[in-house]
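Observations on the model geometry
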Amino acid sequence: MTQAEALKEYLLRLADSDMILGQRLCELCGKAPALEEEMALMNVALDLVGQARNWYEYAAELIDDGRDADKLAFRRDAHNYRNLLLTEQPNEDYAVTMGRQFFFDVWHYFTLKSLTESSDERIAGIAAKALKEATYHLRRSSEWVKRLGDGTEESHKRMQDAVDILWRFTGELITPDDTDRALAEAGIGPDPDQLAKDWRGMVNEVLTQATLTPGAEDAWMYMGGKHGEHTEHLGFILAEMQFLQRAYPDATTW
Amino acid sequence: MPQHGESDHRSAVDILIASDRVPANARPDLLTEDDIWALLEEVKDPEVPAVSVVELGIVRAVHWDGKELSIDVTPTYSGCPATELIEELITEALRAAGFRDPKINQVLSPAWTTDWITAEGKEKLRAFGIAPPEGSSSKMSLLGEPDVIACPHCGSKDTERVSEFGSTACKALYRCKECLEPFDYFKCI
């Protein structure tokens, strides 16, 4: 794989993870447990979809086959999606929603922080913008993990269950493949070892404060999202998300 | 979406119609860059109509060579839904002043920060009932306690955060424990 190919691939991964998690969060519109939570979730989703657009626009320019950001988001099938498996997992109860957000936010925060120093200026610019937003997301999700983990007997149990359910999808966040390594070597993407170290460090710190037990580092992990091998959930997300664009292709007025 | 003042809210169709009206007798060639900055001072943020897009630090640069006009604009948040409307409002204001084909460039880098909100802008936010951002964006703590935010109504520092996110992406929701009024806080980023 050439560096140019790796870069396109990597941009789609960033965009797709933002897009799918944003879409997942939007499912809670109108049914979040409290009004303040609803506003927060929708604002986080909005940030993520906005960031996805920035990544898609850059990817579309590099791919240069006539597809724009909208076509990349709304006209690709599941096997062409490159999002992390964690982001497509269902909302379930609020502990799972916030646990998923926390694991993602830690990864997102350190990834973006590293990307602000990317040798690719466009990437550095988008990341600098997104990092400010991701910082707020992480602050909020880590507070929820602590509040639920170190809360009542019931909330602790639910939060621990969420950590146990989601843990199998976290390995993918910090396990590099050829694309990740190639871009790290080129100074474009984050150093995978550092990213893994930072992710583990903060996750352990927050889970400890939350009186929760992380999963084993050598636990068996689901991988494949970065290569288009998804859990069964992604197809359902895309079916809903892409319906309008598929039903009325190339419509110019909504 | 009824949020703050309603008077400034126009539909996209109104703006499109209005933006077609370029006065026939306008002489934009006589205007200077300073005049254009003054024009932009009149363009209010659609979500926070108390402040202009210049006071918010959204307009980053004006390039005017007597023939071609382009404006550098930066979004406050990646997904800010007001970004496109703001660009349309700026275009409309410029066309009303006689500029036939103003260009808007969206720039992401350097990323917008609340440090760019002018002192006047911050005062106007407070008068509008929104607590302006406290401190400097570079000192924002990641996992620590939030800053002390003064109530924009009574000035009390005895306030509590209700939600990290408020009515728009750029605001958080607070409550004053002194005068008991809820208020928006313009987050420091």
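Residues numbered from 1 in each chain as written. Chains lettered and ligands numbered in written order. Predicted model: local features only at pLDDT ≥ 70, side-chain atom pairs only at ≥ 80, totals over all residues.

Chain B appears in an unreviewed UniProt entry as 1,2-phenylacetyl-CoA epoxidase subunit PaaD from Marinobacter azerbaijanicus.

If you look chain A up in an unreviewed UniProt entry, it shows as 1,2-phenylacetyl-CoA epoxidase subunit PaaC from Marinobacter azerbaijanicus.

A short note on the overall build of chain A
Helix and strand counts for chain A stand at 11 helices and zero strands. What you see in chain A, going N to C, is helices and strands ordered as α-α-α-α-α-α-α-α-α-α-α. What you see for chain A is a C-alpha radius of gyration of 18 Å, in line with the 18 Å of a compact globule of 254 residues. Across its three principal axes, chain A shows a C-alpha extent of roughly 55 × 45 × 30 Å. Per-residue burial over chain A gives 48% buried out of 254 residues. (Helix = DSSP H or I, 4+ residues; strand = E, 2+ residues; numbered from the N terminus. Rg over C-alpha atoms; globule rule 2.2 N^0.38 Å. Buried ≥ 20, exposed ≤ 12 C-beta atoms within 10 Å, placed from the backbone.)

Description of the overall build of chain B
Assigned secondary structure in chain B consists of four helices and seven strands. In sequence order, chain B lays out its α and β elements as α-α-β-β-α-β-α-β-β-β-β. For chain B, long-range pairs separated by at least 24 residues make up 57% of all intrachain contacts whose partners lie at least 6 apart in sequence. (Contact = placed C-beta atoms within 7 Å.)

Some details on the interface of chain A and chain B
Tallying the contact residues gives 24 residues for chain A and 19 residues for chain B. Secondary structure elements with two or more residues in the side of chain A that touches chain B: helix H2 (35-63) and helix H6 (121-149) of chain A. At 14 residues, H6 of chain A tops the list of elements feeding residues into the side of chain A that touches chain B. When the residues that make up the side of chain A that touches chain B are grouped by side-chain class, the tally is 10 nonpolar, seven polar and seven charged. (Nonpolar A, V, L, I, M, F, W, Y, C, P; charged D, E, K, R; others polar.)

Re the sheet that holds strand E3 (residues 103-106) of chain B
Pairing between the strands of a sheet is mediated by backbone hydrogen bonds and can be parallel or antiparallel. All names here are of chain B. Read across the open sheet, the three strands follow the order E1-E2-E3; overall the sheet is mixed. Sheet topology places strand E1 (59-64) and E3 at the edges, where each strand pairs with a single neighbour. Averaged over all pairs of adjacent strands, the angle between their axes in this sheet comes to 20°, without regard to strand direction. Relative to strand E2 (residues 69-73), E1 is paired through five bridges, and the arrangement is antiparallel. Note that in E2 the partner of Ala 61 across the bridge is Asp 72. Helix H3 (residues 83-96) rests against E2 and E3 of the sheet, and its axis sits at about 155° to E2. (Pairing = 2+ DSSP bridges. Axes fitted to C-alpha atoms, helices over the stretch in contact; angles between N-to-C directions.)

A few points about helix H1 (residues 3-26) of chain A
Counted at 1.5 Å a residue, the expected span for H1 of chain A with its 24 residues is 34 Å, and the 35 Å between its end C-alpha atoms agrees. Burial of H1 of chain A is extensive: 19 of the 24 residues sit out of reach of the surface. (Expected span 1.5 Å × (residues − 1).)

Brief notes about the UniProt feature "domain: MIP18 family-like" (unreviewed entry) in chain B
Summarizing the sequence annotation, UniProt attributes the feature "domain: MIP18 family-like" (unreviewed entry) to residues 33-96 of chain B in the numbering used throughout. Helix makes up 34% of residues 33-96 of chain B and strand makes up 17%, while its end C-alpha atoms are separated by 16 Å. (UniProt positions renumbered as here; feature names shortened; annotations may be inferred.)

Some points on the sheet that holds strand E6 (residues 171-176) of chain B
Residue and element names in this part refer to chain B. Reading across the sheet, the four strands line up as E4-E7-E6-E5 and stay open at both edges, with mixed pairing between neighbours. Each edge of the sheet is formed by a strand with only one pairing partner; in this case those strands are strand E4 (130-131) and strand E5 (159-163). Bridge analysis of E6 against strand E7 (residues 182-186) gives five bridges, and the strand direction is antiparallel. Of the residues in E7, the one forming a bridge with Lys 171 is Phe 186.

Focus: the domain arrangement of chain B
All names here are of chain B. Considered domain by domain, chain B is made up of domain 1 (12-106) and domain 2 (114-186). Each side of the interface is counted separately: domain 1 has 11 residues, and domain 2 has 13 residues. Across the side of domain 1 that touches domain 2, the residue classes tally to six nonpolar, three polar and two charged. (Domains from an automatic or database assignment.)

Let's talk about the pairing of E3 of chain B
Residue and element names in this part refer to chain B. Here four bridges tie E2 to E3, and the two strands are oriented parallel to one another. For Ile 71, the partnering residue across the bridge sits in E3 and is Ile 104. With H3 bridging E2 and its parallel neighbour E3, the resulting β-α-β unit is right-handed. (Right-handed = clockwise from strand over helix to strand, strands pointing away.)

Some thoughts on helix H8 (residues 178-185) of chain A
Residues and elements named next belong to chain A. Within H8, the full set of buried residues consists of Thr 179, Asp 180, Ala 182 and Leu 183. What you see down the axis of H8 is that its buried residues fit within an arc of 165°, all on one side. Every exposed residue of H8 that faces more than 90 degrees away from the buried side is listed here: Asp 178 and Glu 185. Along its buried surface, H8 packs onto H1 and helix H9 (192-209). (Arc of directions from axis to C-beta.)

Describing the pairing of E7 of chain B
Residues in a regular strand project their side chains so that they alternate between the two faces of the sheet. Residues and elements named next belong to chain B. For E7, a buried count of four out of five residues is recorded, marking the element as mostly surrounded by other parts of the structure. Direction of pairing for E4 relative to E7: parallel, over a ladder of two bridges. Bridge pairing in E7 links Ala 131 to Tyr 185.

Here we look at unusual backbone geometry
All names here are of chain B. The amide bond that connects Ser 109 to the next residue, Pro 110, takes the cis arrangement and shows omega of -5°. In this model, Leu 180 sits at a positive phi of 65°, which is unusual for a non-glycine residue. The residue Leu 180 is located in the loop between E6 and E7 in this model.

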